[in-house]
Structures are given as C-alpha cells and as structure tokens.
Amino acid sequence: MTVAPRIEHRPSVCPHDCPSACALDVEVIDGRTIGRIHGAQDQSYTAGVVCAKVARYSERIHHPDRLLHPLRRTGPKGSGAFERIAWDEAFEEIARRFLDAERVHGAQSVWLNYYAGTMGKVMRDGINRLAHAKKYSRHNGTICINLAWPGFIAGTGRLAGPDPREMAQSDCVVIWGTNAVATQVNVMTHALRARKERGAKLVVIDIYRNDTMKQADMALCLRPGTDGALACAVMHVLFRDGLADWDYLEKYTDAPHELEAHLATRTPEWAAGVTGLSVSDIEAFAHLVGNTKRTFFRLGYGFSRQRNGSVNMHAATSIAAVTGAWRHEGGGAFHNNGAIYKWRQPMIDGSDVMDPSVRALDQSRVGAVLCGDAEALQGGPQVHAMLIQNTNPMSVAPDQTRVRRGFAREDLFTVVHEQFMTETARMADIVLPATMFLEHDDVYTGGGHSYVELAQKLVEPPGECRSNHEVICELAPRVGARHPGFEMSPRALIDTTLREIGFGTYDELARANWRDVQVDFRTAHFLDGFAWPDGKYRFRADWAQTPFKGQLSGPWRDMPSLPDHWNVLEEADEAHPFRLATSPARSFLNSSFNETPSSRAREGRPCVLVHPADAARLGVEDGDRVILGNARGEVRLHAKLFEGVQRGVLVSEGIWPNDAFEDGRGVNTLTGADSPAPFGGAAFHDNHVWMRRRTG
C-alpha cells in the first residue's frame, strides 16, 4: 500500500530583498522536504498572499544544482574548474591567506563583501562582526537605498510613514516608481481592496506599461528620471487652483510660500516637455489628488535609481504635504518603515567594536575598487582578499567590464559562500556551500510593513551546507577575531537582541511567530510634528544634514533645495540616442530565482523592449538580435517590440546570468558606477546607449 506523505504546515518568513518580508505558511513533507509555500493568513500585511516565485520555492531549495561541498579552484578564474575539499581544509586556507594579506598589506586589504541575498539579521549582518573585530575594510552597502532613503528623509526627517495597511482605507492610491505586481505583491493586496470596498482610484506612475500599470485607473508613463518635474507641476496646479491645504501648510511645513513662488514657472506645459506626458494627464492627476484627501502615495525604489533620484523622491513626497493628505487615515506618503523598529544589534554585527576610522568601500563601485582606483580605495591599500556572502557582484554590480577585470586578478584571493555556482562563485578561489532560509534560524523586519518576524529552521540542509553564521564563527578564531557574538548561537543572538530593544524574548516570538510594532496613528502621520527640531516638513532640503548614514558624494552641493527637476541625467545624445532602464523581471529577484526552471521558462530570454517606431527607424523587427552599447561596453540580446514605452526609451527586464547572453556579458555592462549625489548608489535606470540590429 502507498502511504500518504505527512504534511505539516509550519510558519516562516521570506528572506529575499523585498519590502514585503512575507509571513509564510510552509508545507513540510515527512519532516524532510518542502512542498508548496503559501502566504500566512493570520499576518495582516501578508494576508495570505505571496508571489509566485516564492510559492514555488521547492524548485529552489531542492534544486539539483545546489552547491553541496566546499570547493577549491583548479583552473583559471572563471573557468568553473574546481575540486572538492574538506571544510577544515577550506577554513585553514582561507585563514592563512587572510592573515598573509593582513601581514603584508594591512588589515584593510581584506574586504568582507555582502548584501541582501537574505534580509535575516543574523545571516546578513553577522559578517560585519568579523570585519569590525579585525578592522578589515568596512562595507558601504549603497546599491539599493542610498538614493531613495535620503530623498524621503530630507522632507520628513525620519524613515517611516502611515501604516501601509491603511492603503485599504484610501480613496486614491498612487503607486509611484515600483512595479508592485512583480516586486512587492502585497502592495496590490491592500490597494485593490480599497478599490473593491471603497471605489478607490488606482494611479500608477512608471516608465513603461508593466503589469502594475495595466491595473491602473490612471496610468502615467513618463520618461526616466523626470518624476521630479511631474511632482512640481502637480504642486503648481494644487497652488494655482486652490487645492493646497493652507491650514496644514502653515502649521506643518517650513516654506510653503517660498515653494509656491518657486513653482510658479513649473507649469504642466513645462512638465509635459520634460516628462513626455500630456498637459491634460498632468492636470487630471493633480486634480484627482487635490480633491481626494485620502490619497496614499506608495513610493517605490525604481524611480530613485537615477542620478537625480533623491531629488525625485523628495519632490514626490512633498505632494502629500501640499494636499495635507497626512491628516487622514489612508492618506500621506510611505516609502519604508525602517525607523519604527529602532533596531540595535551589537552582538550580531559587532557595532560595539567598530572603528569609524576604517574605510568603508562602496559596493556599487566594486569594479573600481578591485581595479585599484585610488579614489575608490580612499587612499588605502589595494584589496587582496575577500569573503562574499549574500550577493553576486559579477552579475548585479554596475560597470561589469571593470568588475570582471577586477575579479580576474590572480593576486586577489576570493572566497564565495553561496547556494549555487553563480558568476561570482566561478571567479572564486574557494567556494563554500550555503544554507537557505528554511535550513537555519533568523529574525526579520519588513521595510514595507511593521512586523518583527521569526523564521525557525524547518528542514536539514543538503550535503555539507553551512549557514553564514557558522562560517563566520568558524573563521573568527582562525584569524584571531574576538567578540562574544562568535560564541553564541543564532537563537541566543536573536534573544539577546530582542531583549535589548524591548521586543520580548526568542521564546515569546517563537510562540507568536511575529509581532506588530506599528506606531500609533498620530506618530505615523507626523501629527505631532515631523522629525526635525522645528517639527516642520522640509520643502527646503538640507542634503548635507539629512540624517542618513552615508558619505556625501557626487555633486551634492549642486542639488536643488526646493523640489525641482534636477537634470543631471545621462541624457541621450547623437551618439547614444536611447535611454536604457534595467528594470526587475517578475520571475527573478535581482539574480535570485534565475536558476529555477519555472522562472527561466516564464522570462524566456534576455530582451529589450523598444517602441515599434524606433525599431522601424533602425530596421529592427520583433525578435531580432540587437546590440546595445555605450562607452562601458556592449550587450547582445533580442528586441521585443512594445508600444508601452515612450519613443527613445528602452527597458531590459531582469538580471539574467551572464551566460544567458551570447557574449557572456550581462546588461549591467552598460550601467555606470559613478557615485551620485548625495550619498552614492547605483543609477541602474539612467544609461544612454545606442542600438543596432545584428547581422551576423
């Protein structure tokens, strides 16, 4: 007789780089394997909904290509030639090479490079404990937030806003600069609930007709990097037509009259010329938000990924202050809730032993760093040894030509702790097999909601996979690092951290699975004042004094103070007549999931979306092989004719593996690695390129 498998439903948390940090209901089969993953019904933000790629996570965790054993390189870098070695042998070689680099070149010649492949506090941030204890070069994680967060904080003074679940109480939801259907599906859950239950209008603002825009009542498809111009024209109309809330402006904002005068020339006609939108669409949008007090501006990351991204974010956020939307339930502006957690984790990240005089190397400029650029190295030594966790810079980092050249250095000793043989792992000297989130304990907070969430280990890892925490703690004594956190288990670290910040204990969180720490309505809506000494929302941004942990960079002194269109974009020109954005694909998440069969099947192949009129001018037909290029390099992919972009705009969706491209060069070959104002970052959607049809 066939015995039916025993299926348990166990709670967990999605670890991937997404503001939703979804609470999960996981099918565990016979205590050994994973079945379907569902959204947790009893966590009110996730509300039972999870994206399709995570629902199919069994494809990923049980993938036959997972790394299972430590490996040592035996051939040239990038050749994929490795031999299996034991864990002790791997640790001894890593320690020896790290100590050699420290002895010859100094401790700062070692760089521990990581990012958000997991958003778990223990497994993501523990690598810093080793860096700080050894005074290795610190890591400046700029690639995602450094353009977005300062733009929001410049106005509010604090990275927080209305409870995101209030979208369901809105009469108008504006989803600006994020393809939520693809990248944070729970935004759609609450926005569409408002439409169903309240008749709310859904406005979507983006640079191409993506899956989110298809669901909009009002869809505004503008040119990349022109969001600030749209925001200014909207506020111009609000002032002009008596739709500004002057009672709110006088009480809660710093310079409303100065702003009104400044915007006098920022007319819809002016903005139409900048954005490519029609005057009537700009006027209609302004009147909709001006006449709808319960308007919730859900501001994403995408429209900040321009060289003027912080200015764009500040301008868009400012609209809610002009309308007074902050007063109302279901109104205001929201980007990220990071400030509500007041998270401190010295036992996890070793911040109690951090030396601020040690340089912090910019991950967005990894190519420049590894190629010995003196400015990128901040006058310090060349990097001679690296440990990489939770990131795949050979695919996701800007300026891939330099990244590739840097990682190919024979004098660079590289260790990659990974789940699959990624492009970065192929460049390593030592590759270590890593666990996935269902194979270890961790704790999470959601930037897009208000929950602290616990994910306990549900299944044993395959082969010899070890967690990030285990690797760091095994390596620490071998290189002479000392810190109490190295002697603690993940559960002990979580318990200590929760107690320190007043969020209870590990056992209490384990019984509840998650804890809602959303602040009260008045605090969330800044009704007792914004987070500046005078309590005012700042239309007049002081970029140098914006409370963001980062190093001022780029032309920050030239940034406009009042909301504006700041034209520092990499504009199209005669040699490069197109502007290219490298937008997220629905079935990938950065370079994660691009190894799973269903995701690869859905996405097909690397393509570029091009307007039919532009294609016709170049003699390009649908499906043709084309080359995109600029001074940074060339990329070969296929054209997909698409009317949902403006003329002169190209969009390539997804971070495909480099080997999915004919010449092995991914789309970020075309992305610049300059350091935008005010705190650096990566302008992924701000590239000028030429395009031609391939004939050979």
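In this text, all values refer to a predicted model and were calculated from it rather than measured experimentally.

(A) Expanded view of the sheet that holds strand β10 (residues 218–221). Strand order in the open sheet formed by five strands is β10-β9-β8-β11-β12, with parallel pairing between adjacent strands. In this open sheet, the two strands that pair with only one neighbour each are β10 and β12 (332–334). Going across the sheet, the axis of each strand differs from the next one's by a mean of 15°, ignoring polarity. In the sheet, strand β11 (residues 295–299) pairs with β12 via three bridges, with the strands oriented parallel. If you follow Phe 297 over to β12, its bridge partner there is Ala 333. Sheet contacts for helix α13 (residues 309–323): β8 (172–176), β11 and β12; angle to β11, the most-contacted strand, approximately 165°.

(B) Quick look at the pattern of salt bridges. This structure, assessed with the given rule, holds 50 salt bridges. In this structure, the salt-bridge partner of Asp 100 is Arg 96, at a minimum N-O distance of 3.9 Å. Here Asp 100 pairs with Arg 96, and both are found in helix α3 (residues 87–105), just four residues apart, close to one helical turn. Residue Asp 100 is classed as partly exposed on the basis of its relative accessible area of 25%. A relative accessible area of 44% places Arg 96 in the partly exposed class.

(C) Up close: the layout of surface pockets. In this model, the second largest pocket occupies a volume close to 360 Å³. Surrounding the second largest pocket, 19 residues form its lining, Arg 602, Glu 603, Leu 609, Lys 640 and Glu 653 being those nearest its centre. Elements supplying a minimum of two residues to the lining of the second largest pocket: α23 (597–603) and β21 (607–610). Tallied by class, residues from the lining of the second largest pocket come to eight nonpolar, two polar and nine charged.

(D) Region of interest: α3. Its 19 residues place the ends of α3 27 Å apart at the C-alpha level, agreeing with the 27 Å of an ideal helix rising 1.5 Å per residue. Within α3, burial applies to Trp 87, Ala 90, Phe 91, Glu 93, Ile 94, Ala 95, Phe 98 and Ala 101. Looking at the packing, one finds that the buried side of α3 touches β4 (71–73), β6 (110–114), β14 (385–389), β15 (413–418), β16 (430–433) and α19 (468–479). Within two residues after α3, Gly 106 carries a phi angle of roughly 100°, on the positive side.

(E) Region of interest: the pairing of strand β2 (residues 23–29). For β2, the tally of buried residues reaches five of seven residues, placing the bulk of the element in the interior. Two strands pair when backbone bridges link them, and strand β1 (residues 7–13) and β2 are joined in this way by seven bridges, in the antiparallel orientation. Considered in β2, the bridge of Ile 7 is made with Ile 29. Joining the antiparallel neighbours β2 and strand β3 (residues 33–39) is a turn of three residues, in which Asp 30 adopts a positive phi near 50°.

(F) Summary view of unusual backbone geometry. Residue Pro 678 follows Ala 677 across a cis peptide bond; omega there is 0°. The topology assignment puts Pro 678 in the loop between β24 (649–651) and β25 (687–693). Phi is positive for Gln 378, which is not a glycine, with a value near 55°. Among the structural elements, Gln 378 can be located in the loop between α15 (366–370) and β14. Look at Gln 378 and you get partly exposed, because its relative accessible area is 40%. Phi angles above zero are rare outside glycine, and Asp 399 is one such case at about 55°. Following the sequence through the fold, Asp 399 ends up in the loop between α16 (393–396) and α17 (400–407).

(G) Seen up close, the packing of helix α5 (residues 148–156) against α13. As a packed pair, α5 and α13 sit with axes 7 Å apart at the nearest point and diverge in direction by 40°. Considering their axes alone, α5 and α13 lie oblique with respect to each other. Judged by the twist between their axes, the crossing of α5 over α13 is right-handed. Contacts between α5 and α13 pair Ala 148, Pro 150, Gly 151, Phe 152, Ala 154, Gly 155 and Thr 156 from the former with Ser 310, Met 313, His 314 and Thr 317 from the latter. Class assignment of the residues belonging to the contact of α5 with α13 gives a composition of five nonpolar, six polar and no charged.

(H) Representation of the sheet that holds β4 within the structure. The strand order β5-β4-β16-β15-β14-β6 describes an open sheet built from six strands, whose pairing is mixed. For this open sheet the edge positions go to β5 (82–84) and β6, each flanked by a neighbour on one side alone. Taking each pair of neighbouring strands and ignoring which way they run, the sheet shows an average axis angle of 20°. Sheet topology places β14 next to β15; five bridges connect them, and they run parallel. Looking at β15, one finds that Gln 389 is bridged to His 417. In the packing of helix α4 (residues 121–134) onto the sheet, contacts are made with β6 and β14, and the angle to β6 comes to roughly 170°.

(I) A look at the environment of Val 471. Take Val 471: it is sitting in helix α19. A C-alpha to C-alpha distance of 32 Å links Val 471 and Ala 148, two positions 323 residues apart in sequence. Residue contacts for Val 471: discarding those within four places in its chain leaves Trp 87, Phe 91, Gln 389, His 417, Leu 432 and Arg 466.

(J) Representation of the nonpolar core within the structure. Among the nonpolar cores identified, the biggest contains 75 residues, and Trp 176, Leu 230, Phe 285 and Phe 297 are the most heavily contacted of them. A total of nine residues in this core trace back to one element, the largest contributor, which is helix α8 (residues 227–240). Once you skip the residues sitting within four places of it in the chain, Trp 176 turns out to touch Ile 205, Asp 227, Leu 230, Ala 231, Phe 285, Phe 297, Arg 298, Leu 299, Gly 300, Phe 303, Ala 316 and Ile 319. Counting 30 residues, the second largest nonpolar core, distinct from the first, contains Trp 87, Phe 98, Leu 130 and Ala 131.

Cut-offs used in this document
- Residues numbered from 1 in each chain as written.
- Predicted model: local features only at pLDDT ≥ 70, side-chain atom pairs only at ≥ 80, totals over all residues.
- Heavy atoms only, no water.
- Pairing = 2+ DSSP bridges.
- Helix = DSSP H or I, 4+ residues; strand = E, 2+ residues; numbered from the N terminus.
- Axes fitted to C-alpha atoms, helices over the stretch in contact; angles between N-to-C directions.
- Contact = heavy atoms within 4.5 Å.
- Salt bridge = Lys/Arg side-chain N within 4 Å of Asp/Glu carboxyl O.
- Buried < 20%, exposed > 50% of the residue type's maximum accessible area, 1.4 Å probe, protein only.
- 1 Å grid on protein atoms, 1.4 Å probe; cavity = no way out; pocket = protein on both sides within 12 Å on 5 of 7 lines; lining within 4 Å.
- Points joined across faces, edges and corners; volume = space filled by probe spheres on them.
- Nonpolar A, V, L, I, M, F, W, Y, C, P; charged D, E, K, R; others polar.
- Expected span 1.5 Å × (residues − 1).
- Parallel < 35°, antiparallel > 145°, perpendicular 65-115°, else oblique.
- Left-handed = near helix turned anticlockwise from the far one by under 90°.
- Core = buried A, V, L, I, M, F, W, Y, C linked by side-chain atoms within 4.5 Å.

Any link to function would need more than the numbers given here.
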